[in-house]
Each structure stands twice: as C-alpha cells, then as structure tokens.
Amino acid sequence: QVQLVESGGGLVQAGASLRLSCAASGRTLSNYAMAWFRQRPGLEREFLATMRWSGSTAYYGDSVKGRFTISRDIAKNTVNLQMNSLRPEDTAVYYCAVARPGSIRIWDGREYDTWGQGTQVTVSS
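Residues numbered from 1 in each chain as written. Predicted model: local features only at pLDDT ≥ 70, side-chain atom pairs only at ≥ 80, totals over all residues. Heavy atoms only, no water.

The strands that make up a sheet pair up through hydrogen bonds in the backbone, lying either parallel or antiparallel. Within the open sheet, the 4 strands sit side by side as 1-3-8-7. Their pairing is antiparallel. In the strand order of this sheet, the two ends are held by strand 1 (3–7) and strand 7 (68–73), each with one partner. In this sheet, adjacent strand axes meet at a mean angle of 20° when their direction is disregarded. Judged from the 6 bridges that link them, strand 7 and strand 8 (residues 78–83) form a sheet pairing that is antiparallel. In the sheet register, F68 faces strand 8, and the bridge partner there is M83. (Pairing = 2+ DSSP bridges. Helix = DSSP H or I, 4+ residues; strand = E, 2+ residues; numbered from the N terminus. Axes fitted to C-alpha atoms, helices over the stretch in contact; angles between N-to-C directions.)

Structure, rendered in structure tokens:
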C-alpha cells in the first residue's frame, strides 16, 4: 500500500510561484501514473496534470496549461508541481494521486485509487 504526503502549500500573492511536492512511500512508483488535482471551494475536483513514472508525455488541464509543470524525482520517489503566475482563482486544496496499474484515462480522477491528504494553496490579489 502506497502512502502519499503533499507539502509546499501556503499563502502567496498573485503572480508568485510555488512548488508542491508529493512524497510516496510503501512502494516504488515504476509503471504507475501520478497526477495532481485540486478542489476549489464549492466546486468539483479538477484535473491539473499527470505523467507516467516512465517520464513519457505529461498532460495538463486547460486552466493550468503553460503555467504549471509536473515532474518526478526518481531518487526521492516524489512527484512535483511547479506553479507559476499564480492567480486568486488557483486558491484550492491540492492533492496528488496514484493511478491504478494499467490505467489509460490518466486525466480522469476515477482512475486513481490512492490520494494524499491535500495541501492548501491560497493566492491573494
């Protein structure tokens, strides 16, 4: 069973950058897809970014494309989300997740069965 712990959230001003990290323990992540999602107040969970641990092409949600970048650190068994040009509407709880083995629709939250506890990101105007 893998456990995920997010870190790096906080309060920043609009235009700033933050880097979120998700540390995985319990098993290595080879052959899995990992992703970041967020949930803004009153809204449904939103897909942000995903990539397979092999390092193949990453996919991004339209609202963050060009501003956020997903990456992974094999040695540390972590997946990161670099967030640039933050906006007040990026305020949310951010979650990392690991997909079920063999998942294909890795932009779909229903493909993910392991989630972190979330980290709050607040962007002030």
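Structure's up, so let's keep going.
For the coordinates displayed, the defined rule picks out 7 salt bridges. Note that D90 and R38 form a salt bridge whose closest N and O atoms lie 2.9 Å from each other. Taken as a pair, D90 in the loop between strand 8 and strand 9 (92–99) and R38 in strand 4 (residues 33–39) lie far apart in primary sequence, 52 residues in all. When sorted by exposure, D90 lands in the same class as R38, which is buried. When the shortest N-O distance is used, the salt bridge between D62 and K65 registers 3.2 Å. Residue K65 is classed as exposed on the basis of its relative accessible area of 51%. (Salt bridge = Lys/Arg side-chain N within 4 Å of Asp/Glu carboxyl O. Buried < 20%, exposed > 50% of the residue type's maximum accessible area, 1.4 Å probe, protein only.)

Now for the packing of aromatic side chains. How two aromatic rings sit relative to each other is set out by the distance from centre to centre and by the angle between their planes. Within the structure shown, the criterion is met by 5 aromatic pairs. Of the aromatic side chains, those joined through ring pairs into one cluster are F37, F47, Y112 and W115. Over the ring of F37 we find R45; its NZ or CZ atom is 5.7 Å from the centre of that ring. (Phe/Tyr/Trp six-rings, centres within 6.5 Å; stacked < 30°, edge-to-face > 60°. Lys NZ or Arg CZ within 6 Å of the ring centre and 35° of its normal.)

The next point concerns the state of the cysteines. A full pass over the atoms with the stated rule returns 1 disulfide. Here C22 connects covalently by a disulfide to C96, the sulfurs 1.9 Å from one another. In this structure, the disulfide formed by C22 and C96 twists by about 55° around the S-S bond and is classed as right-handed. Residue C22 is found in strand 3 (residues 18–25), and its partner C96 is found in strand 9; the two are separated by 74 residues along the sequence. Taking the relative accessible area as the measure of exposure, C22 reaches 0% and is therefore buried. (Disulfide = S-S within 2.5 Å.)

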